[in-house]
Amino acid sequence: MTETGSQPIYKRVLLKLSGEALMGDADYGIQPEVITRFAKEISELNAQGVELGIVIGGGNIFRGAGLAANGMERVSADHMGMLATVLNALALQDALEQQGTFCRVMSAIRIDEVCEDYLRRRAIRHLEKGRVVIFAAGTGNPFFTTDSAASLRAVEIGAELMLKATQVDGVYSADPRKDPDATLYSELTYDEVINKRLGVMDTTAVVMCQEQNMPLRVFDVHKKGNLTKLIYGEDIGTLVR
């Protein structure tokens, strides 16, 4: 229970979690205490009946666009980035299972010995059975970000809300770490995000949310309890709709 209400106001949610979020204050990889904290909060929501799908990035290990910018062929670089998301997904699955939560990793590229292939109907069935589903390997295609994968999966599973977990407490007019006068927006339209080039997500992801009327909430994942408060109805971060 939270101070906002006694019941979650959302039944099915898609959470976009960046690979960088798993690093904590480290420079690379996964910080065990961070992923354990995320797993505890996700497990508590799962126990309350919230159906959670998670798309996870791989930037704490490899970022395809970054590798390509340094001279690697883009398709190969993006495939490496997809594999990095699988590593993070397996780590989060283990952390969730240690909390006693049933979890499935579904990959957009075939890795049958490691995790399930992504099938929309099977993913929905897992959610209906009370399992957390982690979607790995992005869309399975190069040139598409994990933000685009998150928008796609949110629409495919019929999520009521997409949550974009970030390192700051919402969408600002400029980078608040560089500009002390940056303004925090409480609410934006999709057109404002695109036209002002606010960098919430890549344009492909924002347009998909707009076309499918998928509300998006951007929030600070590092503030303990924020995820739970949002799902219970508290107004945190920036709402895009």
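See the structure above.
Within each chain, residue numbers correspond to sequence positions counted from 1 in written order. It should be noted that, the model being predicted, local features are given only for residues of pLDDT at least 70 and side-chain atom pairs only at 80 or more, the latter also being counted only at that level, while totals for whole chains, interfaces and linings use all residues. Hydrogens and water are ignored here; the side-chain numbers use all heavy atoms of the structure.

The next point concerns the sheet that holds strand β9 (residues 187-188). If you walk across this open sheet you meet the 9 strands as β4-β3-β5-β2-β1-β6-β10-β11-β9, and the pairing is mixed. For this open sheet the edge positions go to β4 (116-117) and β9, each flanked by a neighbour on one side alone. With 4 bridges joining them, strand β1 (residues 12-17) and strand β6 (residues 161-166) adopt parallel strand pairing. Bridge assignment links V13 to a residue of β6, and that residue is L161. Residue contacts are defined here by distance: any two heavy atoms, one from each residue, within 4.5 Å place the two residues in contact. Axes here mean lines fitted to C-alpha atoms, for a helix over just the part in contact, with angles spanning 0 to 180 degrees between N-to-C directions. For the purposes of this entry, the term helix denotes a DSSP run of H or I that reaches at least four residues, the term strand denotes a run of E that reaches at least two, and both are numbered from the N terminus. Contacting β1, β2 (51-56), β5 (132-136) and β6, helix α5 (residues 146-156) runs over the sheet at an angle of about 175 degrees to β1. In this description, strands pair whenever DSSP reports at least two bridges between them.

What follows concerns the side chain of R12. Here R12 is to be found in strand β1. Overall, R12 belongs to the buried group, its relative accessible area being 13%. A polar contact of 2.7 Å, which involves the side chain of R12, links it to the backbone oxygen of I157. Every residue in contact with R12, bar those within four places of it in the chain, is listed here: E51, I124, L127, E128, I157, G158, A159, E160 and L161. Accessible area is worked out with a 1.4 Å probe on protein chains only. A residue is then buried under 20% of its type maximum, exposed over 50%, and partly exposed in between. Residues adjacent in sequence count toward polar contacts only when both atoms are side-chain atoms; beyond that, a polar contact is any pair of N or O atoms within 3.5 Å, and within protein one must be able to donate a hydrogen and the other to accept it.

Another point: the packing of helix α1 (residues 32-47) against helix α3 (residues 74-98). Interaxial distance between α1 and α3 falls to 9 Å at its minimum, and their mutual angle equals 60 degrees. Between α1 and α3, the crossing angle belongs to the class labelled oblique. Here the hand of the crossing between α1 and α3 comes out right-handed. Packed against α1, whose contacting residues are I35, A39, I42 and S43, the element α3 presents A91, L92, A95 and L96 at the interface. In terms of residue class, the contact of α1 with α3 is built from 7 nonpolar, 1 polar and no charged. Roughly parallel covers angles under 35 degrees, roughly antiparallel covers those over 145, roughly perpendicular covers 65 to 115, and oblique covers all other angles. By definition, any crossing whose near helix is turned counterclockwise from its far helix by less than a right angle is left-handed, and any crossing with a clockwise turn is right-handed. Any residue outside Ala, Val, Leu, Ile, Met, Phe, Trp, Tyr, Cys, Pro, Asp, Glu, Lys and Arg is labelled polar, Gly included; the first ten of those are nonpolar and the last four are charged.

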